[in-house]
Amino acid sequence: MDKGKVLLTGSSGLVGTALSELLKAQGYQVGRLLRRDQADQPYWDIKQQYLALKDFENPDVIIHLAGENIGDGRWTKDKKKKLRDSRILSTRLLVEHFKKVLPPPKLFICASAIGFYGNRDHEKLDENSAAGADFVSQLALDWEESSQGIKEAGTRLVNLRTGLVISKKGGALAKMLPAFKLGLGGKIGSGEQIMSWIDINDMIRAVLFIIENENLQGPINLVTPNPVTNQVFSQLLAKQLNRPCFFPLPEGLVKLLFAEMGKELLLSSTRVNPKKLLDAGFVFKYAKLENSFFQQFGGKSE
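The structure contained in this document is the topic of the report that follows. Keep in mind it's a predicted model, so treat the numbers as computed, not measured. (Residues numbered from 1 in each chain as written. Predicted model: local features only at pLDDT ≥ 70, side-chain atom pairs only at ≥ 80, totals over all residues. Heavy atoms only, no water.)

1. Things to note about the overall build of the chain
No. 1: From N to C terminus, the chain includes nine helices and 14 strands.
No. 2: Considered along the principal axes of its C-alpha atoms, the chain spans approximately 60 × 45 × 40 Å.
No. 3: Counting all 302 residues of the chain, 50% fall into the buried class.
No. 4: Here the contacts in the chain between residues at least 6 apart in sequence split such that 78% fall between residues at least 24 apart. (Helix = DSSP H or I, 4+ residues; strand = E, 2+ residues; numbered from the N terminus. Buried < 20%, exposed > 50% of the residue type's maximum accessible area, 1.4 Å probe, protein only. Contact = heavy atoms within 4.5 Å.)

Right under this line is the structure:
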């Protein structure tokens, strides 16, 4: 059964790959918006603000996940510009094009992050909470604002404020694994900072849920209702891998090695609640971190 056309950016990334497979299995046609021209796929050039959509000129849904990896490399002036341009310019290109297309898309889903809220210690946050004041917060805020114009076409807009995505295939967890497998893992800084997370399987299910529930719009937190401290996260990961958890990464060393990026991504504390998803009836399969780790690693250590 053909459920319609979905145009997907960032389709080669961790989340994009998994989401593309799920959408196809559910009966959606998926067009992957690529950065290189191929005969059968949509193509774009963000710097030139150019789109060649081919057979996907009139998608029903746009899912925009593309953006420079925020966790790779120190945040130099050049890196920050790439982070902003890859998000803001790409979103503007999509919005400016599709708000003029008839019929307009029914839904525009634009990625964001719980970094929107900034470092808030143990404060309980939901979609109505204010933005933070650091670089990541401003980046997320500007990214979300750059998507607002699509509403002029009557298109439903959703901004995905995603937490730490749990998958051994990529992202932050994959970067942690080598040290933890060697028994060299441990808490970061005090270990008291709150980590709001989501299993990748629940994340892509949540996106499908959003597509098929027309009442959901605006910012939506993609995290489980059970955040953990960094110390608990580290202990559970080490336990799953049957390794010790003895080697902390001191706060001073984090700041020395990673500077601003380390402060905002590794030492920041953000307790986020997925209020909109829960209110709409979404059920998490992996609501607890130990269950997520168990299924990620096949119920055994590696």
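So, next bit.
2. Quick look at the pattern of salt bridges
No. 1: Tallied over the full model, the rule gives 14 salt bridges.
No. 2: Between Lys 275 and Asp 279 there is a salt bridge whose closest N-O contact spans 2.7 Å. With a gap of four residues between them, Lys 275 and Asp 279 both fall in helix α8 (residues 275–279), about one helical turn apart.
No. 3: We classify Lys 275 as partly exposed; its relative accessible area is 36%.
No. 4: Asp 279 gets classed as exposed once you look at its relative accessible area, which sits at 57%.
No. 5: Connected via shared salt-bridge partners are Glu 96, Lys 99 and Glu 152. (Salt bridge = Lys/Arg side-chain N within 4 Å of Asp/Glu carboxyl O.)

3. Notes on the side chain of Ser 11
No. 1: Within the secondary structure layout, Ser 11 lies in the loop between β1 (5–9) and α1 (14–25).
No. 2: The exposure class assigned to Ser 11 is buried, which follows from its relative accessible area of 7%.
No. 3: Setting aside anything within four residues of it in sequence, one finds Ser 11 in contact with Gly 16, Thr 17, Arg 32 and Leu 34.

4. Some remarks on the pairing of strand β6 (residues 107–113)
No. 1: Of all seven residues that make up β6, six are buried, and the element is covered over most of its length.
No. 2: The β-α-β motif built from strand β5 (residues 61–64), the intervening helix α2 (residues 77–98) and the parallel element β6 has right-handed crossover chirality.
No. 3: Relative to strand β8 (residues 156–162), β6 is paired through seven bridges, and the arrangement is parallel. Counterpart to Ala 111 in the pairing with β8 is Leu 160. (Right-handed = clockwise from strand over helix to strand, strands pointing away. Pairing = 2+ DSSP bridges.)

5. Re the sheet that holds β8
No. 1: Read from one edge of the open sheet, six strands run β2-β1-β5-β6-β8-β12, paired in parallel fashion. Where the open sheet ends on each side, the last strands, each with one partner, are β2 (29–32) and β12 (218–222). Across this sheet, the average inter-strand angle for adjacent strands is 20 degrees, counted without regard to direction.
No. 2: Bridge count between β1 and β5: four bridges; the pairing is parallel. Among the inter-strand pairings, Thr 9 is bridged to a residue of β5, identified as His 64.
No. 3: Sitting on the sheet, α2 is in contact with β1, β5 and β6, with an inclination near 170 degrees to β5.
No. 4: Packing against the sheet, helix α3 (residues 135–147) makes contact with β5, β6, β8 and β12, and its axis sits at approximately 170 degrees to β6. (Axes fitted to C-alpha atoms, helices over the stretch in contact; angles between N-to-C directions.)

6. Regarding the environment of Ile 210
No. 1: Residue position: Ile 210 is located in helix α5 (residues 200–212).
No. 2: Assessed through its relative accessible area of 0%, Ile 210 is described here as buried.
No. 3: Here the alpha-carbon distance between Ile 210 and Gly 262, two residues 52 residues apart in the chain, equals 32 Å.
No. 4: The residues touching Ile 210, leaving out its near neighbours within four places in the chain, are Leu 107, Ile 109, Arg 156, Val 158, Leu 160, Leu 216, Ile 220, Leu 222 and Leu 277.

7. Focus: the packing of aromatic side chains
No. 1: Evaluation of the coordinates by the stated rule reveals seven aromatic pairs.
No. 2: Taking the centre distance of 5.0 Å and the plane angle of 90 degrees together, the rings of Phe 282 and Phe 284 count as edge-to-face.
No. 3: Assessed through its relative accessible area of 5%, Phe 282 is described here as buried.
No. 4: For Phe 284, a relative accessible area of 11% translates into the label buried. (Phe/Tyr/Trp six-rings, centres within 6.5 Å; stacked < 30°, edge-to-face > 60°.)

8. Observations regarding the packing of α1 against α5
No. 1: α5 packs onto α1 with a crossing angle of 55 degrees between their chain directions and a minimal axis gap of 10 Å. Classified by the angle between their axes, α1 and α5 sit oblique to one another. Along this stretch, α1 crosses α5, giving a crossing that reads as right-handed. Listed contacts from α5 to Leu 14, Val 15, Ala 18, Leu 19, Leu 22 and Leu 23 of α1 are Ile 200, Met 203, Ile 204, Arg 205, Val 207, Leu 208 and Ile 211.
No. 2: Tallied by class, the residues present in the contact of α1 with α5 amount to twelve nonpolar, no polar and one charged. (Parallel < 35°, antiparallel > 145°, perpendicular 65-115°, else oblique. Left-handed = near helix turned anticlockwise from the far one by under 90°. Nonpolar A, V, L, I, M, F, W, Y, C, P; charged D, E, K, R; others polar.)

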